[in-house]
Amino acid sequence: MKKESIKVFAPATVANVVCGFDILGFAVNEPGDELWMETSDKPGVRILSINGDEGKLSLDPQKNTVSASVISLLKHLGREDVGFELKLTKKMPMGSGLGSSSASAVAGLFAANELLGKPLTKLELLPFAMEGEALACGHGHADNVAPALFGGFTLIKSYEPLEVIALPVPKLFCALLYPHVDVPTRDARQIIRSKVLLKDAVTQWGNIAGLVSSLYTHDYDLLGRCLKDVIVEPIRSILIPEFDHMKTYAMENGALGFGISGSGPTVFSLYRSPDDAQKVITNLQKMLADKGVKSNIYLSEINETGPVVL
Ligand code: HSE
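Residues numbered from 1 in each chain as written. Predicted model: local features only at pLDDT ≥ 70, side-chain atom pairs only at ≥ 80, totals over all residues. Heavy atoms only, no water.

> Help me understand the site of the ligand, please; the structure alone is not making it clear to me.
Every residue near the ligand is listed here: Ala15, Asn16, Phe21, Asp22, His141, Asp143, Asn144, Arg189, Arg236, Gly262 and Ser263. Between the ligand and Asn16, the relevant distance is 2.7 Å, taken from an oxygen atom to a side-chain nitrogen or oxygen of the residue. Here a nitrogen atom of the ligand and a side-chain polar atom of Asp143 are 2.6 Å apart. A total of 260 Å² of accessible area belongs to the ligand in isolation, and the protein chains cover 98% of it. Across the shell around the ligand, the residue classes break down as 2 nonpolar, 5 polar and 4 charged. Both of domain 1 (5-168 + 305-309) and domain 2 (173-301) provide at least three residues apiece to the shell around the ligand. (Near = heavy atom within 4 Å. Polar contact = N/O pair within 3.5 Å; in protein donor to acceptor, adjacent residues only side chain to side chain. Areas by Shrake-Rupley, 256 points an atom, 1.4 Å probe, with all protein chains shown as cover. Nonpolar A, V, L, I, M, F, W, Y, C, P; charged D, E, K, R; others polar. Domains from an automatic or database assignment.)

The following block contains the structure:
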């Protein structure tokens, strides 16, 4: 195999989108991960370096989501003769609810697939990205990996069989705030009740259906009215400092909706105007700083491309 290299970017994602626990997600332009990959004469996948992870991620190819996904892909393709070396640059916080492990897995799979001459479609790459997600947090959900791979807004219509639907992308601005508190996905999943009341289920599926409908009709007032979660948010929000105060402030200052990104602790809100988004997110960061909580903030449109070659 001729020696070739590639550098790619894969985006962060907002999973759940308030009412769609485990079935809805969208990608953002910022933050995201960068990955450099090069073919090698020596078979197998090797991680040469990881930057931006504060030394937290394993360089062991079997234990790291990026390499483990690529190893599964090579096995599936019967190309275990191929060698890849990679350098990962984490440009987003980990364990933040922004789909950090998904971005890495998607970056690795996308880069490997490109270097192999694109043997698989994005849809065919999805199960390998889900395997990486299962390795990272114990559960192979697709609401981060699917939007990271396809870009835009995605609906996981079913897991068995896996069926993913690309939804229309709203022209809105997403404000993200990552408070520096620890909320591991495993823990955030464990505290949710496994049974729901029928009346809550009725409210929730009305909101999900309304949200999907609003994307097709570009009715962003309806979208805002649908960004409500009566099942997961009331429990998980207790893990996030000042959640109710932040939500009230955002909703009174132009947000169409406000909620937890993935399993948290990042919170996201959607706006028609970038100026409203900027003002709210800056003031929320100040609000948390006054309480002694540091945070990162990001402002982005919805990403429509998924991973790209840099
Ligand atoms: N849907 C998953 C959850 C996403 O909320 O646990 C995790 O990032």
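Having seen the structure, we can now continue with the description.
> Help me understand unusual backbone geometry, please; the structure alone is not making it clear to me.
Only a minority of non-glycine residues have a phi that is not negative, and only a minority of peptide bonds are not trans. The residue after Glu30, namely Pro31, is reached through a cis peptide bond having omega 5 degrees. Tracing the backbone through its elements, the reader meets Pro31 in strand S2 (residues 24-40). Each neighbour pair has its own omega, and for Glu160 with Pro161 the value is 0 degrees, a cis peptide bond. When you line up the elements, Pro161 lands in the loop between strand S5 (153-158) and strand S6 (163-167). A positive phi is found at Glu54, a non-glycine position, where the angle reads about 50 degrees. Secondary-structure assignment places Glu54 in the loop between strand S3 (44-51) and helix H1 (65-77). Backbone geometry at Glu242 places phi at a positive 60 degrees, although glycine is not the residue there. For Glu242, the position within the fold is in the loop between helix H8 (233-236) and helix H9 (243-252). Its relative accessible area of 22% is what places Glu242 among the partly exposed residues. (Helix = DSSP H or I, 4+ residues; strand = E, 2+ residues; numbered from the N terminus. Buried < 20%, exposed > 50% of the residue type's maximum accessible area, 1.4 Å probe, protein only.)

> Could you clarify how one ought to interpret the side chain of Asp53 in this entry?
Along the chain, the position of Asp53 falls in the loop between S3 and H1. Among buried Asp, Glu, Lys and Arg side chains, Asp53 stands out as unpaired, with Lys90 the closest opposite charge at 8.6 Å. Among residues more than four places away in sequence, those in contact with Asp53 are Lys90 and Met94. (Lys, Arg positive; Asp, Glu negative; His and termini not counted. Salt bridge = Lys/Arg side-chain N within 4 Å of Asp/Glu carboxyl O. Contact = heavy atoms within 4.5 Å.)

> Honestly, a nonpolar patch on the surface in this entry has me stumped. Any pointers?
On the surface, Ile191, Ile238 and Leu239 cluster together into a nonpolar patch covering about 270 Å² of accessible area. Within the secondary structure, Ile238 sits in the loop between H8 and H9. A relative accessible area of 68% means that Ile238 is categorised as exposed. (Patch = residues over 30% accessible without salt bridge, like charges linked within 9 Å, V, L, I, M, F, W, Y side chains within 5 Å.)

> Would you mind going over the pattern of salt bridges with me for this structure?
Pairing is possible between side chains that carry opposite charge, provided their charged atoms lie close to one another. Summed over the entire model, instances satisfying the criterion amount to 14 salt bridges. One salt bridge connects Lys56 with Glu54, and the closest N-O pair in it is separated by 3.3 Å. Note on Lys56: relative accessible area 60%, which makes it exposed. Across the pair Asp200 and Lys199 runs a salt bridge whose closest N-O atoms are separated by 3.5 Å. With a relative accessible area of 18%, Asp200 lands in the buried category. Three or more residues are tied together by salt bridges with common partners; here these are Lys7, Glu34 and Lys91.

> Got a minute to help me understand the pairing of S3 in this structure?
Each regular strand shows side chains that alternate between the opposite faces of the sheet. Inspection of the sheet shows S3 paired to strand S4 (residues 83-90) by 7 bridges, in the parallel sense. Counted as the bridge partner of Val45 is Phe84 from S4. You can see the chain leave S3, run along H1 and come back into S4, and the turn it takes is left-handed. (Pairing = 2+ DSSP bridges. Right-handed = clockwise from strand over helix to strand, strands pointing away.)

> Is there a simple way to explain the pairing of strand S1 (residues 5-15) in this structure?
Of all the 11 residues making up S1, 9 are buried; the element is thus mostly covered by neighbouring parts of the structure. Pairing of S1 with S2, which is carried by 10 bridges, proceeds in the antiparallel orientation. Note on S2: the bridge partner recorded for Val14 is Phe26. Of the strand pairs in this sheet, S1 and strand S11 (residues 308-309) are connected by 2 bridges, and their pairing is antiparallel. Within S11, the residue paired with Phe9 across the bridge is Val308.

> Just checking my understanding: could you explain the packing of H9 against helix H10 (residues 274-290) for this structure?
When two helices pack together, their arrangement is captured by the angle between the axes and the distance separating the axes. Where H9 meets H10, the axes come as close as 10 Å, and the angle between the chain directions of the two elements is 155 degrees. Between H9 and H10, the crossing angle belongs to the class labelled roughly antiparallel. Both H9 and H10 take part in a crossing whose hand is right-handed. Residues His245, Met246, Tyr249 and Ala250 of H9 lie in contact with H10, whose contacting residues are Lys279, Val280, Asn283, Leu284, Met287 and Leu288. When the residues that make up the contact of H9 with H10 are grouped by side-chain class, the tally is 7 nonpolar, 2 polar and 1 charged. (Axes fitted to C-alpha atoms, helices over the stretch in contact; angles between N-to-C directions. Parallel < 35°, antiparallel > 145°, perpendicular 65-115°, else oblique. Left-handed = near helix turned anticlockwise from the far one by under 90°.)

> Teacher, can you tell me more about the nonpolar core here?
If you look at soluble globular proteins, the nonpolar side chains tend to sit buried side by side. Residues Phe26, Leu35, Met37, Phe84, Leu223, Phe268 and Leu270 are the most contacted members of the largest nonpolar core, which totals 67 residues. Element by element, the count of residues in this core is highest for helix H2 (residues 100-115), at 8 residues. Each of domain 1 (5-168 + 305-309) and domain 2 (173-301) gives at least three residues to this core. Ignoring anything within four residues of it in the chain, the contact list for Phe268 reads Val14, Val17, Val18, Phe26, Cys174, Ala175, Leu176, Gly257, Phe258, Gly259, Ile260 and Ser261. (Core = buried A, V, L, I, M, F, W, Y, C linked by side-chain atoms within 4.5 Å.)

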